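Below, each chain spelled out in residue letters.
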Amino acid sequence: MPVISVVKDAQARTLTVTARFDAPIGRVWQVWSDPRELERWWGPPTYPATVTEHDLAPGGTVAYAMTGPEGDRHRGWWRVRAVDPPRTLEFEDGFADADGKPSPDTPTAVIRVVLSELAGDATQMTITTAWASVEAMEQMLAMGMEAGMTAAVGQIDALLDLPAQA
Amino acid sequence: MAEAERADALFHALADPTRRAILTVVLQEAHSVSDLARRYPISFPAVHKHVGALERAGLVTKTRHGREQRVRGDVATLRSAHRLLDDLEVLWRGRMDRIEQLLADPTEGARQCP
């Protein structure tokens, strides 16, 4: 399991996930900088992603589509805010319409990626995702469910946690 | 409602693409059932049935406004912000696991150093 820590701040609406990989920093950066590699992990196996545009420069766009088992397609985009290979990347992540244009009135999140070298040619990657509001998180998750992005186990856990109703 | 019944209601509610679409819409803004029926190529009774399934799963609430019933995604009670973060954690753990597999793939290493 590569994940070494998860910090959730409900007040600030941020999720910070830190992972350790047994690969040098340049190799780990490549999973973000190479669109063919990005396609292999961004979407779950049942919703493979196709990256149609990939410009990792400030102001640049990354556009992708995920295709589900029923042939359903979901499009998304990133707007790159800052990039400093092979250490940092910050972008806004949102949903797009069928033509790949950003959908208005859909939530976006800001994702910040920080890579650092560890001893023994290993790399630490910290990803912080920040949402503007609880509603934005809720909407992101509902749309994520539609795109098959969240595991069913997460939904069951969430459900069983609900206070019992009379 | 027992936990198993609650799980059944949730999965039933989320299994249908029209219901997921309705949920996404009413999470942004409350809509009347007739508004919703106009948005989708299905009948008013069919929309009513979908909304009922979402309501039984605790995903939406209905309030009466004069002659209309307005449907709203239940942001406050559906999940706390913390629980949302739990689900989003699942998403990122999956991504990190896939990155690890990718980095361990010898054919990818070969591509990197031609």
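Structural data are supplied above this passage.
Note that the coordinates shown come from a computational prediction; the quantities given were computed from them, not determined experimentally. (Residues numbered from 1 in each chain as written. Chains lettered and ligands numbered in written order. Predicted model: local features only at pLDDT ≥ 70, side-chain atom pairs only at ≥ 80, totals over all residues.)

J.: Any details on the overall build of chain B? Residues and values, ideally.
T.: Per the secondary structure count, chain B includes seven helices and three strands. Ordered by position in the sequence, the α and β elements of chain B form the string α-α-β-α-α-β-β-α-α-α. If you take every contact in chain B between residues at least 6 apart in sequence, the share linking residues at least 24 apart comes to 51%. (Helix = DSSP H or I, 4+ residues; strand = E, 2+ residues; numbered from the N terminus. Contact = placed C-beta atoms within 7 Å.)

J.: Now, about the nonpolar core: what can you tell me, with residues and values included?
T.: Among the nonpolar cores identified, the biggest contains 28 residues, and Phe21(A), Val28(A), Val31(A) and Ile99(B) are the most heavily contacted of them. Among the secondary structure elements, those contributing two or more residues to this core are strand 2 (14-21), helix 1 (25-33), strand 4 (61-67), strand 5 (73-84) and strand 6 (88-96) of chain A together with helix 6 (81-104) of chain B. Apart from the residues within four sequence positions on either side, Val31(A) is in contact with Glu37(A), Leu38(A), Trp41(A), Ile99(B) and Leu102(B). Among the nonpolar cores identified, the runner-up in size contains 14 residues, and Ala13(B), Ile22(B), Leu23(B) and Leu54(B) belong to it. (Core = buried A, V, L, I, M, F, W, Y, C linked by C-beta atoms within 7 Å. Buried ≥ 20, exposed ≤ 12 C-beta atoms within 10 Å, placed from the backbone.)

J.: Explain the sheet that holds strand 3 (residues 68-73) of chain B to me, and be specific about the residues and the numbers.
T.: Two modes of strand pairing occur in sheets, parallel and antiparallel, and in both the strands are linked by backbone hydrogen bonds. Residues and elements named next belong to chain B. Across the sheet, which stays open at both edges, the three strands sit in the order 1-3-2 with antiparallel pairing between neighbours. Looking along the sheet, the strands with just one partner apiece sit at the ends: strand 1 (31-32) and strand 2 (60-65). Here strand 2 runs beside strand 3; their pairing, made up of six bridges, is antiparallel. When the sheet's bridge partners are listed, Thr-63 is paired in strand 3 with Arg-70. Contacting strand 1, strand 2 and strand 3, helix 2 (residues 17-28) crosses the sheet at an angle of about 95° to strand 3. (Pairing = 2+ DSSP bridges. Axes fitted to C-alpha atoms, helices over the stretch in contact; angles between N-to-C directions.)

J.: How would you explain the environment of Gln11(A) if you had to name every residue and give the values?
T.: Looking at the secondary structure, you find Gln11(A) in the loop between strand 1 (3-9) and strand 2. Considering only alpha carbons, one finds Gln11(A) and Ser133(A), 122 residues apart in sequence, at a separation of 9.8 Å.

Function-wise, these values are silent; they only describe arrangement.
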